[in-house]
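Summary of the model geometry
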Amino acid sequence: MRSPLRMVGFALAVALASSACGASAAGRPTRSVPTASRDAELLAGEVRFEARSATPRGLSQAVEVRPARFVEVVARDARGVDLERTLTDADGRFRLPRRPEAVALVVRARATSGAHDASVTTDAFGRSPHELATPLAGATPGALVIVARDDDAHGSGGAFHIVDTLLRGLDAVTRWTGRSLPPFFVYWARGVTNEWSFYRGERPLGSGRYALELMGGDPGRYRETDTDDHDEAIILHELGHFVFDRLTTDSSIGGLHPEGTLVDPGVAWEEGRASWFAAAVLGAPFYRDAIGREPGGSLRVDQDLEHVPGGPVGAGSERAVASVLWDLGDGVPGLPDADSDGVALGPEALLGAMIALAAEPGAMPDLSGFLRHLVRTDVLAAPALEGLLVRAQQPRALLPADDAPRWPRPLAVPGRATGKIDGLTSPAPSGGPARPENGFDAVHAYRVHLERAGFFTAALAVHGTREGRRDRLTLELRTIRGNLLASSREGDVAERVARVLEAGWYTVFVRDRGDGNRAGYTLQVALE
């Protein structure tokens, strides 16, 4: 069971104003703090944090010291009461009235900038931001330099690095779309959050706050194991899921998505565009995930979105999604174009198109559906897009000649469909290793539209046996955003789901049960 940290210990450097003059550790000139008598009653200084970068052999040994922007600084008394509060500026500087009863300055890993509210907390429900405490005994007014060290017991540098990276992503969204997003927090703690990194959605439900969880490494082994506090691409990838969830659509049924496999087109779309979002914010076509610290570490993921190596392509490849989106958007200021693909829409246009597509009835796009939308709405001419796909070594089928959706497959109500699920054959019929959980061949999706409310039923008949055993499939009813409403996985020759539904758009999924099955099926849907 996870045990959230009650209090993050502090790491600090307190320096005299004379030693703070000149160049800071971040390489930025610092301002000397005025010493007029009216400033003698102020507590002033600056907050910085240590950041690491990804290298081929893991996170860097060397740190870069950066300003902690727009984070909370409070003066606290001996009873733990917060007396005064302010925010640092864009250079990490702050000023606070000096209260005689104040015994410590506390910096919180919570940033507020414009409409943005982002924090990094030690608990899974966002109640307790990481804190860095600096005692005031002996401190000179106007002379505090507080540094969140990465190698302290709780990785304070990592907490402040996460919140600063979140701000970069949120600022980019506002710059590209003119929109702001709800409050957001990251649950991260060294040696505590070691399950995986993923977007949690609204947490708690009904709170209006959204969350993701980032890996903090194994207890006592953060230098050797996977901790994502300094993986900016991973932080921004997960933030991208939040951005798209709030502003656009959600086509994913979830599950793992190993590199080099073909997965369900909705999963590939969501994972690929989240990686594209990270690269676009960082302004470079690289997506990297480091494990451990150099020289004994490695890169779990090392992708150059401009250069697609051999491997799966098309709508089921998240790498293809990220690469095609990068090629569509690069060539504008801040996004270099190394392969001269001839298209330069920029992230503003791409995000705008995703937002516009979300307003269309029944929108649940994959890569192919999004490309069709760009052409249909005159964002990009078909010949230019076709040329880009050729240069990116992607199949021409990603842009079909007609506008009929390929995924999810349309299914009239009442209606009937047949198909074959194959989560067993390896390599899979479409190429790459078999992926029973959410593989391209192991999941079939159907989109249905109910013109009125009623009692909806979906019935699945499973055909065929293998090696003396019956193949087993799962039937699922989901919302148009992929949320599960009902499922049947009895392992029999017939599966059935039934539910009273309002008028609107829904999806029906036929899936391998996850243990490797190969079977034909007949699906029938009806509304009473």
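Residues numbered from 1 in each chain as written. Predicted model: local features only at pLDDT ≥ 70, side-chain atom pairs only at ≥ 80, totals over all residues. Heavy atoms only, no water.

Describing the sheet that holds strand S22 (residues 443-450)
What the five strands build is an open sheet, ordered S20-S22-S29-S26-S27; its pairing is mixed. Strands with a single pairing partner mark the edges of an open sheet, and in this sheet they are strand S20 (409-410) and strand S27 (484-488). As judged from the two bridges shared by S20 and S22, these two strands associate in the parallel manner. Pairing of Arg-409 across the sheet is with Tyr-446, part of S22. (Pairing = 2+ DSSP bridges. Helix = DSSP H or I, 4+ residues; strand = E, 2+ residues; numbered from the N terminus.)

Regarding the environment of Gln-61
Note on placement: Gln-61 falls in the loop between strand S6 (58-59) and strand S7 (64-67). Here the side chain of Gln-61 touches Glu-294 through a polar contact of 2.6 Å, landing on its backbone oxygen. (Polar contact = N/O pair within 3.5 Å; in protein donor to acceptor, adjacent residues only side chain to side chain.)

Focus on the layout of surface pockets
Here the largest pocket is characterised by a volume of approximately 1000 Å³. Those elements that place two or more of their residues in the lining of the largest pocket are strand S16 (198-202), helix H3 (232-247), helix H4 (265-282), strand S18 (286-291) and strand S19 (298-304). A per-element tally of the lining of the largest pocket places H3 first, with seven residues. The class makeup of the residues in the lining of the largest pocket is 12 nonpolar, 12 polar and 15 charged. Estimates place the volume of the second largest pocket at around 380 Å³. In this structure, the second largest pocket is lined by 21 residues; those nearest its centre are Pro-265, Ala-315, Arg-406, Trp-407 and Phe-440. At three residues, the largest contribution of residues to the lining of the second largest pocket is made by S22. Residues of the lining of the second largest pocket, tallied by class, amount to 12 nonpolar, five polar and four charged. (1 Å grid on protein atoms, 1.4 Å probe; cavity = no way out; pocket = protein on both sides within 12 Å on 5 of 7 lines; lining within 4 Å. Points joined across faces, edges and corners; volume = space filled by probe spheres on them. Nonpolar A, V, L, I, M, F, W, Y, C, P; charged D, E, K, R; others polar.)

Looking at empty space enclosed by the protein
By the definition in use, this model includes three cavities of 30 Å³ or more. Space inside the second largest cavity adds up to approximately 70 Å³. Surrounding the second largest cavity, 13 residues form its lining, Leu-59, Tyr-222, Thr-227, Gly-292 and Arg-293 being those nearest its centre. Its residues assigned to classes, the lining of the second largest cavity comprises three nonpolar, four polar and six charged.

As for the nonpolar core
Core analysis: the biggest nonpolar cluster contains 96 residues, and Leu-105, Trp-276, Leu-328 and Leu-371 have the highest contact counts within it. Aside from chain neighbours lying at most four places away, what touches Leu-371 is Val-324, Leu-328, Leu-385, Leu-389, Leu-398 and Leu-399. If you look at the next biggest cluster of nonpolar residues, it comprises 24 residues, including Leu-411, Val-448, Ala-458 and Tyr-506. (Core = buried A, V, L, I, M, F, W, Y, C linked by side-chain atoms within 4.5 Å. Buried < 20%, exposed > 50% of the residue type's maximum accessible area, 1.4 Å probe, protein only. Contact = heavy atoms within 4.5 Å.)

Considerations on the sheet that holds strand S30 (residues 518-527)
Reading across from one edge, S21-S30-S23-S28 is the order of the four strands in this open sheet, with antiparallel pairing throughout. Looking along the sheet, the strands with just one partner apiece sit at the ends: strand S21 (415-422) and strand S28 (494-501). Across the sheet, the mean angle separating the axes of adjacent strands is 20° when strand polarity is ignored. (Axes fitted to C-alpha atoms, helices over the stretch in contact; angles between N-to-C directions.)

Here we look at the confidence of the model for the protein chain
Do not read the predicted coordinates in detail wherever pLDDT is low. Put simply, the protein chain has an average pLDDT of 89, and 91% of its residues get 70 or more. Scored below 50 in pLDDT, residues 1-39 shows 83 contacts in the model against residues more than four places distant or in partner chains. (pLDDT = per-residue confidence, 0-100.)

A word on helix H8 (residues 382-391)
Regarding H8, the residues found buried are Leu-385, Leu-388 and Leu-389. All buried residues of H8 lie within an arc of 100° about the axis, which places them on one face of the element. Exposed residues on H8 whose side chains face more than 90 degrees from its buried face are Pro-383 and Val-390. Of the surrounding elements, those touching the buried residues of H8 are helix H5 (318-329) and helix H7 (367-376). (Arc of directions from axis to C-beta.)

Description of the pairing of strand S4 (residues 42-51)
Summarising burial for S4: nine of the 10 residues are buried, a large majority. Across five bridges, S4 lies against strand S10 (residues 93-97) in antiparallel orientation. Residue pairing for S10: Leu-42 is matched across the bridge by Pro-97. Two elements, S4 and strand S14 (residues 144-148), share five bridges in a ladder whose sense is parallel. Residue Gly-45 lies in a different strand from S14, and its bridge partner there is Leu-144.

Comments concerning the packing of aromatic side chains
The geometry of two aromatic rings is summed up by the distance between their centres and the angle between their planes. Within the structure shown, the criterion is met by six aromatic pairs. Judged by centre distance (6.2 Å) and plane angle (55°), the rings of Tyr-199 and Phe-242 are tilted. With a gap of 43 residues between them, Tyr-199 in strand S16 and Phe-242 in helix H3 connect regions that are remote in the sequence. Arg-203 extends its terminal NZ or CZ atom over the ring of Phe-125, reaching a point 4.8 Å from the ring centre. A cation over a ring is seen here: Arg-288 above Phe-286, with NZ or CZ 4.6 Å from the ring centre. (Phe/Tyr/Trp six-rings, centres within 6.5 Å; stacked < 30°, edge-to-face > 60°. Lys NZ or Arg CZ within 6 Å of the ring centre and 35° of its normal.)

Section: the packing of helix H2 (residues 156-177) against H3
The relative placement of two packed helices comes down to the angle between their axes together with the axis-to-axis distance. As a packed pair, H2 and H3 sit with axes 10 Å apart at the nearest point and diverge in direction by 45°. Of the possible angle classes, the one that applies to H2 and H3 is oblique. Between H2 and H3 lies a crossing of right-handed hand. Seen from H2, the contacting residues are His-161, Ile-162, Thr-165, Leu-166, Arg-168, Gly-169, Leu-170, Val-173 and Thr-177; seen from H3, they are Glu-232, Ile-235, Leu-236, Leu-239, Phe-242, Val-243 and Leu-247. (Parallel < 35°, antiparallel > 145°, perpendicular 65-115°, else oblique. Left-handed = near helix turned anticlockwise from the far one by under 90°.)

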